[in-house]
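Structure at a glance
Chain by chain, the residues run as shown.
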Amino acid sequence: MRDVDLSTFVQAHAEGAVVVDVRESMEYHRAHVPGALLMPMSQIGARYTELDRSQRLYIICATGNRSAAITDALRHAGYDAVNVLGGTMAWMRAGYALDSGLPAAS
């Protein structure tokens, strides 16, 4: 399974899924799925080893295009990654809660 629909993602999110947001920081800052890890597409190549190979990763962007490309790359690298169809826009249109701001520096 490479793609998941919004209802599948909503259930996984409620169960504590690892969500990786591949949008750029300003997009993430405006609105993101609560708990999503910011890892911009422009940084994935340098940072993907920070991700846990033992967990399914739900990859999200604005609409599902960038996340589809990153999902393919992560799957090729041996990760259990799935693309969230419709992305953050589908989440928002469905009326689910959003967070804003940038994550605290680690």
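Residues numbered from 1 in each chain as written. Predicted model: local features only at pLDDT ≥ 70, side-chain atom pairs only at ≥ 80, totals over all residues. Heavy atoms only, no water.

1. Observations regarding helix 1 (residues 6–14)
Among all positions of helix 1, only Leu6, Phe9, Val10, Ala12 and His13 are buried. Down the axis of helix 1, the smallest arc covering the buried residues is 165 degrees, so these residues share one side. Residues of helix 1 that are exposed and point more than 90 degrees away from the buried face comprise Ser7 and Ala14. Those residues of helix 1 that are buried are in contact with strand 1 (3–4), strand 2 (18–21), strand 4 (57–60), strand 5 (81–84) and helix 5 (87–93). (Buried < 20%, exposed > 50% of the residue type's maximum accessible area, 1.4 Å probe, protein only. Helix = DSSP H or I, 4+ residues; strand = E, 2+ residues; numbered from the N terminus. Arc of directions from axis to C-beta. Contact = heavy atoms within 4.5 Å.)

2. Examining helix 4 (residues 65–76)
Helix length check: helix 4 (12 residues) gives 17 Å between terminal C-alpha atoms against 16 Å at 1.5 Å per residue, within 8%. Residues of helix 4 that are buried in the fold lie against helix 3 (44–47), strand 4 and strand 5. At the C-terminal side of helix 4, Gly78 shows a positive phi close to 95 degrees. (Expected span 1.5 Å × (residues − 1).)

3. Here's the deal with the nonpolar core
Grouped together as the largest cluster of nonpolar side chains are 16 residues, with contacts concentrated most on Phe9 and Tyr58. Elements represented by at least two residues in this core include exactly helix 1, strand 4, strand 5 and helix 5. Here this core takes 4 residues from helix 1, the largest share from any one element. Once you skip the residues sitting within four places of it in the chain, Tyr58 turns out to touch Val4, Phe9, Ala12, Ala17, Val18, Val19, Val20, Val82 and Val84. Counting residues in each nonpolar core, the second largest holds 12 residues, with Val22, Met39, Ile70 and Leu74 among its members. (Core = buried A, V, L, I, M, F, W, Y, C linked by side-chain atoms within 4.5 Å.)

4. Comments concerning the pairing of strand 4
Taking every second residue as pointing to the same face, both faces of strand 4 are buried, with Leu57 and Ile59 on one and Tyr58 and Ile60 on the other. Two elements, strand 2 and strand 4, share 4 bridges in a ladder whose sense is parallel. Bridging from a neighbouring strand, Val18 pairs with Leu57 of strand 4. In this structure, strand 4 lies alongside strand 5, joined through 3 bridges in parallel fashion. Within strand 5, the position partnered with Leu57 by the bridge is Ala81. (Pairing = 2+ DSSP bridges.)

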